[in-house]
Amino acid sequence: MTRIAILVAAHDEPAYLTRLVRHLTTSFSVYVHLDSASPLRQENLPRHPRLTLVASRRVRWGHLSMVEMMLDLHRAAYRNEHDRYLLISGKDVPIKTNDEITAFFENEEREYVETIALPNPAWPDGGRRRIDRYHAYVPPARAAGHARMLYRARNWLVGNLTPARPMDRSFYFGSAWVNLSHAGVGALLQRVDENPSLMQRFRHTFLPEEAFIQTALMETARRDFVVSNDLRDTRFVGSSPHPETLALDDFARLQASGALFARKVAPRSDGGLTDRV
């Protein structure tokens, strides 16, 4: 049987996280990273021999710490030699049964990673500003009013008054939520370890978590196995970088989806969606 590791990046919703982990550990090995700045603690999670807690670090959305956390999870699971590694957030919900997820990856060698080449003609300036401009940092969620304006002003100054960075390799972007084979994780980690400049290149870029793995993986022999599909049902509205929160009205659509997971959910306000799924 295919040995699957689920890698969970969590930062809130302790009750739902406990429920999610309990469900997943009935079939899979589960590795959880708890953001050290979040209210989540080890005691929020059930004890289970298939559950591993990965050393916590402070993670900020749109910051290189997201990439570091993603690599931490993959490294921890890779040491135990699974066949497949699925990275999800603590606000994802499985929309296929554990048996269906296992069957999907049976005898499957491909890397399911949404991968789109930059520059992308569908974006203004091809999306180059993600890569060729410096980005100071993303305002924390708690920043408001004048503080948020200050963050934005600083980013504008850094992004517009500093020289453009060279497009010194082929860059790719896509969903941060990847589904790698054992060979894929091995190739990714080897590429990162042998090329420390790669990590440095993504420092001070905008949303590096949506480009780092894609770019690194496409520099390995696993590029020929990449399928540009993250196997997630995610809906964005307008130009917002954040996915819409799912509700009970989405249930029928999710049932018909070919995805394995949907994101994101807010169990306390989803009208019972997580119960139905």
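To be clear, the structure that these remarks concern was listed above.
Being a predicted model, the structure only gives us computed values, none of them experimental. (Residues numbered from 1 in each chain as written. Predicted model: local features only at pLDDT ≥ 70, side-chain atom pairs only at ≥ 80, totals over all residues. Heavy atoms only, no water.)

How would you sum up the environment of Leu-24? Please name residues and give values.
Following the sequence through the fold, Leu-24 ends up in helix H1 (residues 14-24). Residues Leu-24 and Arg-50 lie 26 residues apart in sequence; the distance between their C-alpha atoms is 9.3 Å. Sequence-distant contacts of Leu-24, defined by excluding residues within four places in its chain, comprise Ile-6, Val-30, Ile-88, Pro-94 and Asn-98. (Helix = DSSP H or I, 4+ residues; strand = E, 2+ residues; numbered from the N terminus. Contact = heavy atoms within 4.5 Å.)

Would you mind going over the nonpolar core in detail, with residue names and values included?
Side chains that are nonpolar tend, in soluble globular proteins, to be buried together. By size, the foremost hydrophobic cluster in this structure holds 38 residues, and its most contacted members are Leu-7, Tyr-31, Leu-71, Leu-73, Leu-188, Phe-202 and Phe-212. Only strand S1 (4-10), helix H2 (64-78), strand S4 (84-89), helix H6 (182-194), helix H7 (196-201) and helix H8 (212-217) provide two or more residues apiece to this core. Among residues more than four places away in sequence, those in contact with Tyr-31 are Ala-5, Ile-6, Leu-7, Val-8, Thr-52, Val-54, Leu-73, Ala-76, Ala-77, Asn-80 and His-82. (Core = buried A, V, L, I, M, F, W, Y, C linked by side-chain atoms within 4.5 Å. Buried < 20%, exposed > 50% of the residue type's maximum accessible area, 1.4 Å probe, protein only.)

Describe the pattern of salt bridges, with residues and values.
Tallied over the full model, the rule gives 16 salt bridges. A salt bridge links Arg-57 to Glu-68; its shortest N-O distance comes to 3.2 Å. Here Arg-57 is found in the loop between strand S3 (51-54) and H2, whereas its partner Glu-68 is found in helix H2, with 11 residues between them in sequence. Looking at Arg-57, the relative accessible area reads 28%, which means it is partly exposed. Judged by its relative accessible area of 23%, Glu-68 is partly exposed. Here Arg-110 makes a salt bridge to Glu-108, at a shortest N to O gap of 2.9 Å. For Arg-110, a relative accessible area of 39% corresponds to the partly exposed category. For Glu-108, a relative accessible area of 17% gives the class buried. (Salt bridge = Lys/Arg side-chain N within 4 Å of Asp/Glu carboxyl O.)

Would you mind going over H6 in detail, with residue names and values included?
Taking 1.5 Å of rise per residue, 13 residues should cover 18 Å, and H6 covers 18 Å from first to last C-alpha, within 8% of that figure. Among the residues of H6, Gly-184, Val-185, Gly-186, Ala-187, Leu-188, Leu-189 and Val-192 are the ones counted as buried. Where the residues of H6 are buried, they touch H2, S4, strand S6 (111-112), strand S9 (179-181), H7 and H8. (Expected span 1.5 Å × (residues − 1).)

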